[in-house]
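Examining the three-dimensional arrangement
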Amino acid sequence: MAPVPKNIIITGAGGFIGPLLAARLLNDPAYRLVLTDLVEPAVPAGVAYPQNATTLKGDICDPAFVSSLLAAAAPLSAIFIFHGIMSAGSEADWDASLRVNVNSVRDLLLAVRGAYPAGGVRVIYSSSQAVYGQPLPASAGGRVTDEVTPTPEGTYGAHKLLTEVFINDMHRRGFIDAFSLRFPTVSVRPGRPTAAASSFLSGMIREPMHGVECVIPLRDRGFRSFLCSPGVLQENLVRVLDMDSAKLPRHIRHINMPGISVSIQELMDALAKHGGGDKLKYLREETDPDLERILRSWAPEVDTTTPLKLGLAKDESADTLVKQYVDSLKG
(Lines give C-alpha, C1' and ligand atoms only; values in the text may rest on other atoms or scores of the structure.)
Protein backbone atom coordinates (compact mmCIF):
# COMPACT_ATOMS: atom_id res chain seq x y z
CA MET A 1 0.00 0.00 0.00
CA ALA A 2 1.32 3.45 -0.96
CA PRO A 3 2.01 5.83 1.96
CA VAL A 4 -0.59 8.50 2.68
CA PRO A 5 0.62 11.90 1.37
CA LYS A 6 1.54 14.54 3.94
CA ASN A 7 -0.87 17.50 3.92
CA ILE A 8 0.91 20.85 3.70
CA ILE A 9 -0.51 24.39 3.59
CA ILE A 10 1.36 27.16 1.76
CA THR A 11 0.07 30.66 2.50
CA GLY A 12 0.96 33.52 0.17
CA ALA A 13 0.92 30.94 -2.60
CA GLY A 14 0.10 33.54 -5.23
CA GLY A 15 3.44 35.26 -4.72
CA PHE A 16 6.88 34.11 -5.79
CA ILE A 17 8.26 31.80 -3.09
CA GLY A 18 5.04 29.81 -2.65
CA PRO A 19 4.85 28.63 -6.27
CA LEU A 20 8.61 28.01 -6.23
CA LEU A 21 8.22 25.58 -3.35
CA ALA A 22 4.98 24.09 -4.69
CA ALA A 23 6.66 23.27 -8.00
CA ARG A 24 9.25 21.24 -6.11
CA LEU A 25 6.87 19.42 -3.77
CA LEU A 26 4.36 18.56 -6.50
CA ASN A 27 7.01 16.48 -8.23
CA ASP A 28 6.93 14.14 -5.24
CA PRO A 29 3.85 11.94 -4.59
CA ALA A 30 4.55 12.13 -0.84
CA TYR A 31 2.91 15.56 -0.55
CA ARG A 32 -0.60 16.96 -0.88
CA LEU A 33 -0.70 20.76 -0.96
CA VAL A 34 -3.33 23.34 -0.11
CA LEU A 35 -2.30 26.61 -1.77
CA THR A 36 -3.93 29.80 -0.53
CA ASP A 37 -3.80 33.55 -1.13
CA LEU A 38 -6.02 36.60 -1.55
CA VAL A 39 -6.04 35.85 -5.27
CA GLU A 40 -6.65 32.38 -6.64
CA PRO A 41 -3.26 30.64 -6.64
CA ALA A 42 -2.24 28.73 -9.73
CA VAL A 43 -0.98 25.17 -9.63
CA PRO A 44 2.55 25.31 -11.11
CA ALA A 45 2.72 24.10 -14.68
CA GLY A 46 4.65 21.00 -15.65
CA VAL A 47 4.63 19.26 -12.28
CA ALA A 48 4.30 15.50 -12.03
CA TYR A 49 1.38 15.42 -9.57
CA PRO A 50 -0.88 18.46 -10.16
CA GLN A 51 -3.81 16.44 -8.80
CA ASN A 52 -2.15 16.64 -5.36
CA ALA A 53 -2.82 20.39 -5.14
CA THR A 54 -5.93 22.20 -3.95
CA THR A 55 -6.26 25.98 -4.28
CA LEU A 56 -8.25 28.20 -1.93
CA LYS A 57 -8.81 31.91 -2.46
CA GLY A 58 -9.47 33.83 0.75
CA ASP A 59 -8.42 36.34 3.37
CA ILE A 60 -6.00 34.84 5.89
CA CYS A 61 -7.10 37.59 8.32
CA ASP A 62 -10.63 36.14 8.38
CA PRO A 63 -11.12 33.53 11.16
CA ALA A 64 -13.86 31.74 9.20
CA PHE A 65 -11.55 31.35 6.22
CA VAL A 66 -8.73 30.08 8.43
CA SER A 67 -11.10 27.41 9.79
CA SER A 68 -12.00 26.29 6.27
CA LEU A 69 -8.32 26.28 5.31
CA LEU A 70 -7.37 23.99 8.17
CA ALA A 71 -10.31 21.72 7.41
CA ALA A 72 -9.18 21.42 3.77
CA ALA A 73 -5.73 20.28 4.88
CA ALA A 74 -6.73 17.87 7.64
CA PRO A 75 -4.84 16.07 8.99
CA LEU A 76 -2.22 18.80 8.75
CA SER A 77 1.45 17.85 8.66
CA ALA A 78 3.11 21.21 7.97
CA ILE A 79 2.43 24.83 7.09
CA PHE A 80 4.68 27.27 5.25
CA ILE A 81 3.77 30.87 6.16
CA PHE A 82 4.78 33.08 3.24
CA HIS A 83 2.01 35.70 3.17
CA GLY A 84 2.74 39.25 4.23
CA ILE A 85 3.17 42.94 3.48
CA MET A 86 6.71 43.58 2.24
CA SER A 87 9.27 46.07 3.55
CA ALA A 88 8.43 49.32 1.74
CA GLY A 89 4.72 48.52 1.95
CA SER A 90 4.98 47.91 5.69
CA GLU A 91 6.76 51.20 6.23
CA ALA A 92 4.07 53.00 4.24
CA ASP A 93 1.15 51.40 6.13
CA TRP A 94 1.94 50.38 9.73
CA ASP A 95 -1.62 49.25 10.45
CA ALA A 96 -1.73 46.95 7.41
CA SER A 97 1.60 45.43 8.42
CA LEU A 98 0.37 44.85 11.97
CA ARG A 99 -2.82 43.23 10.71
CA VAL A 100 -1.16 40.96 8.15
CA ASN A 101 2.42 40.42 9.35
CA VAL A 102 1.61 40.03 13.05
CA ASN A 103 -2.04 39.49 13.87
CA SER A 104 -2.92 37.11 11.03
CA VAL A 105 0.08 34.89 11.75
CA ARG A 106 -0.67 34.83 15.47
CA ASP A 107 -4.32 33.96 14.88
CA LEU A 108 -3.42 31.30 12.31
CA LEU A 109 -1.04 29.61 14.73
CA LEU A 110 -3.55 29.78 17.56
CA ALA A 111 -6.07 28.11 15.24
CA VAL A 112 -3.51 25.38 14.47
CA ARG A 113 -3.00 24.89 18.20
CA GLY A 114 -6.76 24.62 18.71
CA ALA A 115 -7.13 22.07 15.92
CA TYR A 116 -4.09 20.03 17.01
CA PRO A 117 -3.83 20.32 20.81
CA ALA A 118 -1.22 17.56 20.97
CA GLY A 119 1.15 19.69 18.87
CA GLY A 120 3.45 18.28 16.21
CA VAL A 121 2.50 20.41 13.19
CA ARG A 122 5.70 21.62 11.49
CA VAL A 123 5.53 25.41 11.05
CA ILE A 124 8.02 27.10 8.72
CA TYR A 125 7.78 30.87 8.99
CA SER A 126 9.33 33.26 6.49
CA SER A 127 11.12 35.89 8.53
CA SER A 128 13.77 38.26 7.19
CA GLN A 129 17.24 39.69 7.62
CA ALA A 130 15.36 42.97 8.15
CA VAL A 131 15.18 42.04 11.85
CA TYR A 132 18.75 43.40 12.01
CA GLY A 133 19.50 47.11 12.11
CA GLN A 134 22.08 49.50 13.45
CA PRO A 135 24.37 49.33 15.27
CA LEU A 136 25.93 46.51 13.28
CA PRO A 137 29.35 45.14 14.28
CA ALA A 138 31.84 47.78 13.11
CA SER A 139 34.81 45.47 13.64
CA ALA A 140 33.35 42.95 11.19
CA GLY A 141 32.24 45.43 8.53
CA GLY A 142 28.60 45.04 9.52
CA ARG A 143 28.72 41.23 9.31
CA VAL A 144 26.02 39.68 11.47
CA THR A 145 26.82 36.61 13.57
CA ASP A 146 24.57 34.49 15.77
CA GLU A 147 25.56 36.67 18.74
CA VAL A 148 24.23 39.93 17.23
CA THR A 149 21.01 41.17 18.83
CA PRO A 150 18.25 42.04 16.31
CA THR A 151 17.53 45.78 16.37
CA PRO A 152 15.13 46.40 13.46
CA GLU A 153 14.92 49.95 12.13
CA GLY A 154 11.81 49.43 10.03
CA THR A 155 8.25 48.29 10.59
CA TYR A 156 8.73 45.18 8.46
CA GLY A 157 11.67 43.92 10.50
CA ALA A 158 10.05 44.86 13.80
CA HIS A 159 6.88 42.94 12.99
CA LYS A 160 8.86 39.93 11.77
CA LEU A 161 10.78 39.89 15.05
CA LEU A 162 7.57 40.16 17.10
CA THR A 163 6.25 37.09 15.33
CA GLU A 164 9.51 35.19 15.79
CA VAL A 165 9.30 35.66 19.57
CA PHE A 166 5.69 34.43 19.57
CA ILE A 167 6.71 31.36 17.55
CA ASN A 168 9.64 30.67 19.88
CA ASP A 169 7.31 30.48 22.85
CA MET A 170 4.68 28.40 21.07
CA HIS A 171 7.40 25.91 20.11
CA ARG A 172 8.86 25.87 23.62
CA ARG A 173 5.45 25.07 25.04
CA GLY A 174 4.98 22.19 22.57
CA PHE A 175 2.07 23.79 20.71
CA ILE A 176 3.85 23.65 17.33
CA ASP A 177 7.11 22.34 15.85
CA ALA A 178 8.59 25.48 14.34
CA PHE A 179 11.45 27.07 12.47
CA SER A 180 11.66 30.79 11.64
CA LEU A 181 13.76 31.35 8.54
CA ARG A 182 15.43 34.73 8.17
CA PHE A 183 15.51 35.03 4.39
CA PRO A 184 18.16 36.96 2.51
CA THR A 185 16.97 39.05 -0.43
CA VAL A 186 16.08 36.58 -3.19
CA SER A 187 17.64 37.49 -6.53
CA VAL A 188 16.98 37.19 -9.36
CA ARG A 189 13.21 36.95 -9.00
CA PRO A 190 11.25 36.59 -12.24
CA GLY A 191 7.98 38.45 -12.75
CA ARG A 192 6.98 41.95 -11.70
CA PRO A 193 8.62 44.33 -9.20
CA THR A 194 7.41 44.03 -5.60
CA ALA A 195 6.80 46.46 -2.73
CA ALA A 196 10.11 45.50 -1.14
CA ALA A 197 12.83 48.10 -0.68
CA SER A 198 15.21 45.51 -2.14
CA SER A 199 13.11 44.89 -5.26
CA PHE A 200 15.68 46.62 -7.48
CA LEU A 201 18.23 43.90 -6.68
CA SER A 202 16.24 41.62 -8.97
CA GLY A 203 14.94 44.40 -11.20
CA MET A 204 18.41 45.62 -12.19
CA ILE A 205 18.97 42.25 -13.87
CA ARG A 206 15.42 41.27 -14.85
CA GLU A 207 14.24 44.54 -16.38
CA PRO A 208 17.26 45.21 -18.65
CA MET A 209 17.03 41.65 -19.95
CA HIS A 210 13.55 42.60 -21.20
CA GLY A 211 14.53 46.03 -22.49
CA VAL A 212 12.94 47.87 -19.56
CA GLU A 213 14.50 50.53 -17.34
CA CYS A 214 15.22 49.86 -13.66
CA VAL A 215 15.89 52.58 -11.09
CA ILE A 216 18.59 51.84 -8.52
CA PRO A 217 17.51 53.90 -5.48
CA LEU A 218 20.97 54.91 -4.27
CA ARG A 219 24.17 56.23 -5.85
CA ASP A 220 26.70 53.84 -4.36
CA ARG A 221 27.94 50.98 -6.48
CA GLY A 222 29.89 49.63 -3.54
CA PHE A 223 26.67 49.13 -1.54
CA ARG A 224 26.43 45.48 -0.52
CA SER A 225 23.38 43.29 0.08
CA PHE A 226 22.93 39.73 1.33
CA LEU A 227 21.39 37.65 -1.47
CA CYS A 228 20.43 34.11 -2.39
CA SER A 229 19.13 32.59 -5.60
CA PRO A 230 15.61 31.17 -6.03
CA GLY A 231 17.04 27.70 -6.61
CA VAL A 232 19.05 27.64 -3.40
CA LEU A 233 16.11 28.97 -1.39
CA GLN A 234 13.84 26.28 -2.85
CA GLU A 235 16.32 23.56 -1.91
CA ASN A 236 16.74 24.89 1.62
CA LEU A 237 12.99 25.07 2.23
CA VAL A 238 12.69 21.37 1.43
CA ARG A 239 15.61 20.57 3.71
CA VAL A 240 14.05 22.48 6.61
CA LEU A 241 10.75 20.66 6.09
CA ASP A 242 12.49 17.43 7.13
CA MET A 243 15.01 18.91 9.57
CA ASP A 244 15.39 17.36 13.02
CA SER A 245 13.67 19.75 15.42
CA ALA A 246 16.27 19.06 18.12
CA LYS A 247 18.97 20.76 16.05
CA LEU A 248 17.92 24.11 17.58
CA PRO A 249 17.23 25.03 21.22
CA ARG A 250 13.57 24.82 22.23
CA HIS A 251 13.34 28.59 22.76
CA ILE A 252 15.52 29.79 19.84
CA ARG A 253 13.97 28.73 16.55
CA HIS A 254 15.41 31.10 13.95
CA ILE A 255 17.88 30.22 11.21
CA ASN A 256 19.82 32.85 9.27
CA MET A 257 19.38 31.36 5.83
CA PRO A 258 22.57 31.14 3.75
CA GLY A 259 23.37 33.90 1.28
CA ILE A 260 26.27 35.82 -0.21
CA SER A 261 27.30 39.47 0.16
CA VAL A 262 27.07 41.16 -3.24
CA SER A 263 27.71 44.75 -4.36
CA ILE A 264 25.74 46.71 -6.93
CA GLN A 265 28.88 46.91 -9.06
CA GLU A 266 29.28 43.12 -8.98
CA LEU A 267 25.70 42.71 -10.20
CA MET A 268 26.29 45.27 -12.97
CA ASP A 269 29.46 43.47 -14.04
CA ALA A 270 27.63 40.13 -14.12
CA LEU A 271 24.78 41.66 -16.14
CA ALA A 272 27.25 42.97 -18.72
CA LYS A 273 29.08 39.63 -18.84
CA HIS A 274 26.08 37.35 -19.22
CA GLY A 275 23.39 39.65 -20.62
CA GLY A 276 25.52 41.99 -22.74
CA GLY A 277 27.10 45.38 -22.06
CA ASP A 278 24.26 47.10 -23.91
CA LYS A 279 21.89 46.16 -21.07
CA LEU A 280 23.59 48.60 -18.69
CA LYS A 281 21.89 51.52 -20.47
CA TYR A 282 18.61 50.45 -18.85
CA LEU A 283 19.96 51.14 -15.34
CA ARG A 284 19.32 54.56 -13.82
CA GLU A 285 20.83 55.51 -10.46
CA GLU A 286 18.57 57.93 -8.61
CA THR A 287 18.56 58.40 -4.86
CA ASP A 288 15.34 57.65 -3.00
CA PRO A 289 16.04 58.80 0.59
CA ASP A 290 13.28 56.69 2.15
CA LEU A 291 14.36 53.48 0.43
CA GLU A 292 18.04 54.19 1.00
CA ARG A 293 17.45 54.61 4.74
CA ILE A 294 15.79 51.19 4.90
CA LEU A 295 18.46 49.54 2.76
CA ARG A 296 21.36 50.94 4.77
CA SER A 297 19.81 49.72 8.02
CA TRP A 298 20.17 46.09 6.86
CA ALA A 299 23.21 43.89 7.36
CA PRO A 300 25.46 43.66 4.28
CA GLU A 301 26.63 40.20 5.26
CA VAL A 302 25.52 37.40 7.60
CA ASP A 303 27.68 34.61 9.01
CA THR A 304 26.60 31.31 7.45
CA THR A 305 28.52 28.93 9.74
CA THR A 306 25.45 27.71 11.62
CA PRO A 307 23.09 27.12 8.65
CA LEU A 308 25.82 25.29 6.77
CA LYS A 309 26.38 23.04 9.80
CA LEU A 310 22.63 22.39 9.76
CA GLY A 311 23.00 21.06 6.23
CA LEU A 312 21.70 23.98 4.20
CA ALA A 313 23.01 25.02 0.77
CA LYS A 314 24.67 28.27 -0.31
CA ASP A 315 25.20 30.14 -3.60
CA GLU A 316 28.67 30.68 -5.04
CA SER A 317 28.81 34.26 -6.34
CA ALA A 318 26.99 37.21 -7.91
CA ASP A 319 28.15 35.88 -11.26
CA THR A 320 26.31 32.58 -10.77
CA LEU A 321 23.13 34.34 -9.53
CA VAL A 322 22.92 36.41 -12.70
CA LYS A 323 23.97 33.60 -15.04
CA GLN A 324 21.21 31.35 -13.66
CA TYR A 325 18.57 33.96 -14.50
CA VAL A 326 19.94 34.81 -17.94
CA ASP A 327 20.22 31.13 -18.82
CA SER A 328 16.59 30.59 -17.70
CA LEU A 329 15.46 33.01 -20.41
CA LYS A 330 17.07 30.87 -23.09
CA GLY A 331 14.91 27.83 -22.29
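Right above here is the structure, for reference.
The text that follows walks through the structure, step by step, so that each part is easy to find. (Residues numbered from 1 in each chain as written. Predicted model: local features only at pLDDT ≥ 70, side-chain atom pairs only at ≥ 80, totals over all residues. Heavy atoms only, no water.)

Brief notes about the overall build of the protein
Helix and strand content of the protein: eleven helices and 14 strands. Relative to its length of 331 residues, the protein is compact, with a C-alpha radius of gyration of 19 Å against a globular reference of 20 Å. Here the protein, with 331 residues, has 53% of them falling under the buried criterion. Look at the contacts in the protein between residues 6 or more apart in sequence, and 74% of them connect residues 24 or more apart. (Helix = DSSP H or I, 4+ residues; strand = E, 2+ residues; numbered from the N terminus. Rg over C-alpha atoms; globule rule 2.2 N^0.38 Å. Buried < 20%, exposed > 50% of the residue type's maximum accessible area, 1.4 Å probe, protein only. Contact = heavy atoms within 4.5 Å.)

Remarks on helix 4 (residues 94–115)
Its 22 residues place the ends of helix 4 30 Å apart at the C-alpha level, agreeing with the 32 Å of an ideal helix rising 1.5 Å per residue. Considering bend angle alone, the principal kink of helix 4 is centred on N103 and spans about 35°. Listing the buried residues of helix 4 in full gives A96, S97, V100, N101, V102, S104, V105, L108, L109 and V112. Those residues of helix 4 that are buried lie in contact with strand 1 (6–11), helix 2 (63–72), strand 4 (76–81), helix 3 (87–92), strand 5 (122–128) and helix 5 (155–172). (Expected span 1.5 Å × (residues − 1). Bend = angle between axes of the 7 residues up to and from the residue.)

Observations concerning the pairing of strand 4
Where burial is concerned, most of strand 4 is hidden: five out of the six residues are buried. With five bridges joining them, strand 1 and strand 4 adopt parallel strand pairing. In the sheet register, I10 faces strand 4, and the bridge partner there is F80. Judged from the four bridges that link them, strand 4 and strand 5 form a sheet pairing that is parallel. Paired with F80 across the bridge in strand 5 is I124. (Pairing = 2+ DSSP bridges.)

Considering unusual backbone geometry
Following A74, the chain continues to P75 via a peptide bond in cis, the omega torsion being -10°. Among the structural elements, P75 can be located in the loop between helix 2 and strand 4. A cis amide bond links Q134 with the next residue in sequence, P135, at an omega value of 0°.

Notes on the sheet that holds strand 10 (residues 224–228)
Overall, mixed pairing links the three strands, which are arranged 8-10-12 in an open sheet. The sheet is open, and its two borders are formed by strand 8 (185–186) and strand 12 (260–263), each paired with just one other strand. Note: strand 8 against strand 10, two bridges, orientation parallel. Residue pairing across strands places T185 opposite L227, the latter belonging to strand 10. Sitting on the sheet, helix 8 (residues 264–275) touches strand 10 and strand 12, and the angle it makes with strand 12 is about 80°. (Axes fitted to C-alpha atoms, helices over the stretch in contact; angles between N-to-C directions.)

Things to note about the packing of helix 6 (residues 200–209) against helix 11 (residues 318–328)
For the pair helix 6 and helix 11, the least separation of the axes is 11 Å and the interaxial angle reads 30°. Classified by the angle between their axes, helix 6 and helix 11 sit roughly parallel to one another. Relative to helix 11, the crossing made by helix 6 is right-handed. Taken together, the residues of helix 11 that come into contact with helix 6 (itself represented by I205, R206 and M209) are V322, Y325 and V326. (Parallel < 35°, antiparallel > 145°, perpendicular 65-115°, else oblique. Left-handed = near helix turned anticlockwise from the far one by under 90°.)

Quick look at the sheet that holds strand 5
Pairing is parallel across the open sheet formed by seven strands, whose spatial order is 3-2-1-4-5-7-11. The open sheet has two free edges, formed respectively by strand 3 (53–57) and strand 11 (254–256), since each of these has just one partner strand. Averaged over all pairs of adjacent strands, the angle between strand axes in this sheet comes to 20°, irrespective of strand direction. Sheet strands in contact with helix 4 are strand 1, strand 4 and strand 5, and its direction is about 175° off that of strand 4.

Comments concerning the side chain of T304
Inspection of the secondary structure assignment puts T304 in the loop between strand 14 (301–302) and helix 10 (305–309). Of the residues examined, T304 reaches a relative accessible area of 8% and is grouped as buried. What T304 contacts, discounting residues up to four positions off in sequence, is F226, P258, G259 and K314.

With respect to the environment of L69
With respect to the secondary-structure elements, L69 resides in helix 2. Taking the C-alpha atoms as reference, L69 lies 7.9 Å from V34; in sequence the two are 35 residues apart. Every residue in contact with L69, bar those within four places of it in the chain, is listed here: I9, V34, T36, L56 and I60.

What to know about the nonpolar core
Counting 35 residues, the largest nonpolar core has I8, I10, L33, F80, L181, L237 and I255 as its most contacted members. When residues of this core are traced back to their parent elements, those giving at least two are strand 1, helix 1 (17–25), strand 2 (31–37), strand 4, strand 7 (177–183) and helix 7 (230–241). With near-sequence residues (within four places) excluded, F80 lies in contact with I8, I9, I10, T11, L21, I124, L237 and L241. (Core = buried A, V, L, I, M, F, W, Y, C linked by side-chain atoms within 4.5 Å.)

Any functional reading would require information that these geometric values do not contain.
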